Amino acid sequence: MKLIVNGCAGRMGQALTKLILADETLELMGGLEPAGSAALGQDLATLAGQAACGIVASDDALELMRQADGVIDFTVPDASVPLAGLAAQARNVHIIGTTGFTAAQEAQIEAAARHAKIVKSGNMSLGVNLLAGLVQQASAALGEDWDIEILDMHHRHKVDAPSGTALLLAEAAATGRDVALDKVIQSGRDGLVGARNPGDIGIAALRGGSVVGDHEVILAGENEQIRLSHRAETRDIFARGAIKAAIWAHSQAEGLYDMQDVLGLKASR
């Protein structure tokens, strides 16, 4: 499978480059960076701290999409949305690990998925998606008598809050209770906010250091708690999940999927 890495100079882009180059079943077709990036023209493997591979960073997304089978994309919404449009034109695979989309941008991605094979998830790791399944089951079993709070810890460079992972876990909890997340989510409480509303799903975003990603879901009842957690120790877990998603999507029909589809977990949720 011929793959492109969008944001190839970034931390996730570098992790993807290394893993794709090491996989004999995959071919690295190119890497994308925005116009004006200092990385343009630089060797992708060199950017990732390895010996040169002869493939350089480009800003010509249209040309690369014509040559490739798919693109893996952990960047920003303003870059991911137009790339989804190009994936639709080329009938390609688009793996989206980007987070922080507006409702209008989500709609544009859904429209692109009519002609592209898009896998979009707030977290690409196997462990986090298994955690989401457990959170959904627990929230369904326990009901609103148990309060749900989510701790969301990332490195100091993280630009969006809550993270896509925290929102994925919150969505799983809301699905378990058969409620719309936007009706019950409480994020970033501050000041005299009053007593907790029954059924709220709270998120506290913490940022600092070099933390790849720590998440804990606390289900608090009367005189007892259940704590479900996941710790990411390296970005490779997200890169491996994204590559798995790309390979899976390559043989699927056009549409919008998530990691629950890729991992075959939908039935258990």
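The present account deals with the structure reproduced in this document. (Residues numbered from 1 in each chain as written. Predicted model: local features only at pLDDT ≥ 70, side-chain atom pairs only at ≥ 80, totals over all residues. Heavy atoms only, no water.)

1. Re the overall build of the protein
Along its length, the protein carries 10 helices and 12 strands. Over its C-alpha atoms the protein spans a radius of gyration of 19 Å, differing by no more than 12% from the 18 Å that the globule rule assigns to 269 residues. Residues classed as buried in the protein amount to 49% of the 269 residues present. Taking the intrachain contacts of the protein between residues at least 6 apart in sequence as the baseline, contacts between residues at least 24 apart amount to 69%. On the protein, roughly 12,600 Å² of surface is accessible, and the fraction owed to carbon and sulfur atoms is 50%. Taking the average place of the 22 positive charges on the side chains of the protein and the average place of its 33 negative ones, the gap between the two points comes to 1 Å. (Helix = DSSP H or I, 4+ residues; strand = E, 2+ residues; numbered from the N terminus. Rg over C-alpha atoms; globule rule 2.2 N^0.38 Å. Buried < 20%, exposed > 50% of the residue type's maximum accessible area, 1.4 Å probe, protein only. Contact = heavy atoms within 4.5 Å. Areas by Shrake-Rupley, 256 points an atom, 1.4 Å probe, with all protein chains shown as cover. Lys, Arg positive; Asp, Glu negative; His and termini not counted. Charge placed at Lys NZ, Arg CZ, Asp CG, Glu CD.)

2. Let's talk about the packing of aromatic side chains
Inspection of every chain in the model, using the stated rule, returns 1 aromatic pair. Relative to Tyr 257, the ring of Trp 248 lies with its centre 5.0 Å away and its plane at 90 degrees, an arrangement referred to as edge-to-face. Exposure remark for Tyr 257: the relative accessible area of 18% places this residue in the buried category. (Phe/Tyr/Trp six-rings, centres within 6.5 Å; stacked < 30°, edge-to-face > 60°.)

3. A closer look at the pattern of salt bridges
Pairs can form between side chains of opposite charge whenever their charged atoms are close. Under the counting rule described, the total for this entry stands at 9 salt bridges. A salt bridge links Glu 63 to Arg 66; its shortest N-O distance comes to 3.5 Å. Pair noted here: Glu 63 and Arg 66 are both in helix H3 (residues 61-67), with a separation of 3 residues, about one helical turn. Glu 63 gets classed as partly exposed once you look at its relative accessible area, which sits at 33%. Since its relative accessible area comes to 60%, Arg 66 is described here as exposed. We note a salt bridge from Asp 147 to Arg 196, for which the minimum N-O separation is 3.2 Å. Separated by 49 residues along the polypeptide, Asp 147 in strand E7 (residues 147-154) and Arg 196 in the loop between strand E8 (185-187) and strand E9 (201-207) bring together distant segments of the chain. Ionic contacts of the salt-bridge type, sharing partners, join the residues Asp 147, Glu 149, Arg 189 and Arg 196 into one network. (Salt bridge = Lys/Arg side-chain N within 4 Å of Asp/Glu carboxyl O.)

4. Observations regarding the pairing of strand E1 (residues 2-6)
Of all 5 residues in E1, 4 are buried, a share of seventy percent or more. With 5 bridges joining them, E1 and strand E2 (residues 27-32) adopt parallel strand pairing. Directly across from Val 5, in E2, lies its bridge partner Gly 31. On the question of chirality, the crossover connecting E1 to the parallel E2 by way of helix H1 (residues 11-22) is right-handed. Two strands pair when backbone bridges link them, and E1 and strand E4 (residues 70-73) are joined in this way by 4 bridges, in the parallel orientation. Directly across from Val 5, in E4, lies its bridge partner Ile 72. (Pairing = 2+ DSSP bridges. Right-handed = clockwise from strand over helix to strand, strands pointing away.)

5. Here's the deal with the state of the cysteines
The full count for this structure, using the stated rule, is 0 disulfides. Not engaged in a disulfide, the cysteine Cys 8 finds its nearest cysteine sulfur in Cys 53; these two sulfurs lie 10.0 Å apart. Residue classification places Cys 8 among the buried residues on the basis of a relative accessible area of 1%. (Disulfide = S-S within 2.5 Å.)

6. Examining the packing of helix H4 (residues 77-90) against helix H5 (residues 103-112)
Across the interface, H4 lies against H5 with an axial gap of 9 Å and an inter-helix angle of 20 degrees. On the basis of the axis angle, H4 is roughly parallel to H5. Crossing of H4 against H5: the hand is left-handed. Two secondary-structure elements touch here, H4 through Pro 77, Asp 78, Val 81, Ala 84, Gly 85 and Ala 88 and H5 through Gln 105, Gln 108, Ile 109 and Ala 112. Classifying every residue of the contact of H4 with H5 by side-chain character gives 6 nonpolar, 3 polar and 1 charged. (Axes fitted to C-alpha atoms, helices over the stretch in contact; angles between N-to-C directions. Parallel < 35°, antiparallel > 145°, perpendicular 65-115°, else oblique. Left-handed = near helix turned anticlockwise from the far one by under 90°. Nonpolar A, V, L, I, M, F, W, Y, C, P; charged D, E, K, R; others polar.)

7. Structural notes on the environment of Arg 11
Structurally, the position occupied by Arg 11 is in helix H1. Judged by relative accessible area, Arg 11 falls into the partly exposed class, the value being 42%. Between the alpha carbons of Arg 11 and Phe 74 there is a distance of 9.3 Å; along the sequence they are 63 residues apart. If sequence neighbours within four positions are ignored, Arg 11 has contacts with His 155, His 157 and Arg 235.

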